[in-house]
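# Chains, contacts and geometry: an overview
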Amino acid sequence: MRAHALAAAALLATVVATSVGAQSAAPPDLSGSWAPYRGGRGADPKLAAPPATEILLKGDYKKSWDARRVAEAEANKKGEPLATPAVECVPYGFPRMMSVALYPIEILPSAKQVTIITEAFSEVRRVYMNEKQQPIDEVPPGYYGHSVGRWEGDTLVIDTVGIKESIWSYQNMPHSDRMRITERLRLVAPDYLHDQITIEDPVALEKPVTYTLAYKRLPNYKMVEFVCENNREYTDANGAVKLRLK
Amino acid sequence: MSRQVALWAVIGTLVVGAVQLDAHHSFAMFDTQNRVTLTGTVSKFQWTNPHAYIEIDVPAEGGAPAKHWTVELGSPSILMQGGWKFSDVKPNQTITVVLNPLRNGDPAGLLVRITLADGRVLANGPGPTGGN
């Protein structure tokens, strides 16, 4: 009788342990809307994004990036800022779409696909879960490339290749068609998400660049539609932003 | 802490924290060191992306024709974060706007704040640039 009771207790313990184990193995809930989070005075430093690593571009990539930055500074000083593609309503593409001003993003996880929708310009990324990444040369170059994802414990790891060379990368960096971007998304607190982004590009970069975007959960937020239309701003013959007056 | 000080604290946080973020474009075409205050009649309110616009006719002194101004705002999403509604401005209403004028002298500017026809005061979104 006592043996039976012990056996039953052992069985129960196993069932409980298994069920707790299964729960802890379930991926954290990233679903919902997230606003860029900057921390600020008095905020817990663990919740804000850690500093980015240095950008070291190679040869012509460095020359073109430096030249653009000098031209931008001069144009701003004259009060005639250079237009960016977004002035002409061209979407940002990945990775810049992940951090546009104060605009939230929305994450829609499912078993086979994690979908990320940005409010600015309504851009959409589809991350195919537990699939093998395609060779870069098999991916048609585009704004969002081809993304595959997997859970490593509590971290969603996303691998992206196939971003079109004409699309500016982080900090408006140029890049080659060899660029590969690895993201590690993790809740650093129940309502704070970090997306650690590492850009590898052996053709354009001396060494990989890593930066982190921090987000805060927006409970019950309803994403606002954003169709870039009827643009009053335009790019003039000198490449500057101008405002069409009525 | 006065409202003014609180506002500047918010602005400081946004400016310091904005390093990693991409902006729609530079705001260098506007003279952010100067402000113009205009009271006039709304002829059009455009609730569009990537920017909303208010067209306003400002009466001139001595019977001269009213001067037309174009006011650039943030986007609807950013304005909504600052408490705006698409119906807050309507044609024929009298409003007062504070602007950073265009540096090239054309009669247009970037909204800093507005006093609506019903007396409510709104900024250009939750931050100093409307987040664009």
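Residues numbered from 1 in each chain as written. Chains lettered and ligands numbered in written order. Predicted model: local features only at pLDDT ≥ 70, side-chain atom pairs only at ≥ 80, totals over all residues. Heavy atoms only, no water.

## Quick look at the state of the cysteines
Residues and elements named next belong to chain A. In this structure the tally under the stated criterion is 1 disulfide over all chains. Two residues, Cys89 and Cys228, share a disulfide whose sulfurs are 2.0 Å apart. One disulfide, between Cys89 and Cys228, carries an S-S torsion of -70° and so falls in the left-handed class. Taken together, the residues span a long stretch of sequence, with Cys89 in the loop between helix 2 (59–78) and strand 2 (105–109) and Cys228 in the loop between strand 9 (209–218) and strand 10 (233–235) at a distance of 139 residues. Judged by its relative accessible area of 21%, Cys89 is partly exposed. (Disulfide = S-S within 2.5 Å. Helix = DSSP H or I, 4+ residues; strand = E, 2+ residues; numbered from the N terminus. Buried < 20%, exposed > 50% of the residue type's maximum accessible area, 1.4 Å probe, protein only.)

## Observations regarding the interface of chain B and chain A
The interface of chain B with chain A comprises 37 residues on the first partner and 44 residues on the second. A buried area of about 3200 Å², summed over both sides, lies between chain B and chain A, and 54% of it is on carbon and sulfur atoms. For the pair chain B and chain A, the number of links is 1 salt bridge. Where B:Glu55 meets A:Arg232, a salt bridge forms, and the shortest distance between an N and an O atom there is 2.6 Å. Summed over the shared surface of chain B and chain A, the result is 9 residue pairs in polar contact (both at pLDDT 80 or more). Counting residues per element, the ones that place at least two in the side of chain B that touches chain A are helix 1 (3–17), strand 1 (36–46), strand 2 (53–58), strand 3 (67–72) and helix 2 (76–81) of chain B. It is helix 2 of chain B that contributes the most residues to the side of chain B that touches chain A, 4 residues altogether. A class-by-class count of the residues in the side of chain B that touches chain A yields 14 nonpolar, 17 polar and 6 charged. (Contact = heavy atoms within 4.5 Å. Buried area = accessible area lost by both parts, 1.4 Å probe. Salt bridge = Lys/Arg side-chain N within 4 Å of Asp/Glu carboxyl O. Polar contact = N/O pair within 3.5 Å; in protein donor to acceptor, adjacent residues only side chain to side chain. Nonpolar A, V, L, I, M, F, W, Y, C, P; charged D, E, K, R; others polar.)

## Thoughts on the sheet that holds strand 4 (residues 124–129) of chain A
All names here are of chain A. Pairing in this closed barrel of 9 strands is mixed, and the strands run 1-2-3-4-5-6-7-8-9 around the ring. Averaged over all neighbouring strand pairs, the angle between strand axes comes to 30°, with direction disregarded. The pairing of strand 5 (residues 146–152) with strand 6 (residues 155–161) spans 7 bridges and is antiparallel. By the bridge assignment for strand 6, Trp151 is matched with Leu156. (Pairing = 2+ DSSP bridges. Axes fitted to C-alpha atoms, helices over the stretch in contact; angles between N-to-C directions.)

## Points about the pairing of strand 6 of chain A
All names here are of chain A. Burial analysis of strand 6 places 7 of its 7 residues in the buried class, the great majority of the element. Residues of strand 6 alternate between two faces, with Thr155, Val157, Asp159 and Val161 on one and Leu156, Ile158 and Thr160 on the opposite face, all of them buried. When strand 6 meets strand 7 (residues 180–189), the two strands line up antiparallel, connected through 6 bridges. Residue pairing in the sheet places Thr160 in a bridge with Ile181 of strand 7.

## Here's the deal with the confidence of the model for chain A
With 90% of its residues at a pLDDT of 70 or more, chain A has an overall mean of 90. Scored below 50 in pLDDT, residues 15–23 of chain A makes 0 contacts in the model with residues more than four places away or belonging to other chains. (pLDDT = per-residue confidence, 0-100.)

## Regarding the environment of A:Lys216
Residues and elements named next belong to chain A. If you trace the backbone, Lys216 turns up in strand 9. Overall, Lys216 belongs to the partly exposed group, its relative accessible area being 34%. Counting along the chain gives 24 residues from Lys216 to Tyr192, while the straight-line C-alpha distance between them is 4.7 Å. Each residue touching Lys216, except ones within four places of it in the same chain, is listed here: Ser33, Trp34, Ala35, Tyr37, Asp191 and Tyr192.

## With respect to the pattern of salt bridges
Residue and element names in this part refer to chain B. Under the counting rule described, the total for this entry stands at 16 salt bridges over all chains. In this structure, the salt-bridge partner of Asp88 is Arg120, at a minimum N-O distance of 2.7 Å. Of this pair, Asp88 sits in the loop between helix 2 and strand 4 (94–101) while Arg120 is found in the loop between strand 5 (108–115) and strand 6 (121–123), placing the two residues 32 residues apart along the sequence. Residue classification places Arg120 among the partly exposed positions, given a relative accessible area of 35%.

## Some points on the environment of A:Arg178
All names here are of chain A. With respect to the element layout, Arg178 can be found in the loop between strand 6 and strand 7. In this structure, the C-alpha to C-alpha distance between Arg178 and Pro95, residues 83 residues apart in sequence, is 15 Å. For Arg178, the residues in contact, after removing those within four places along its chain, are Ile136, Asp137, Glu200, Asp201, Pro202 and Val203.

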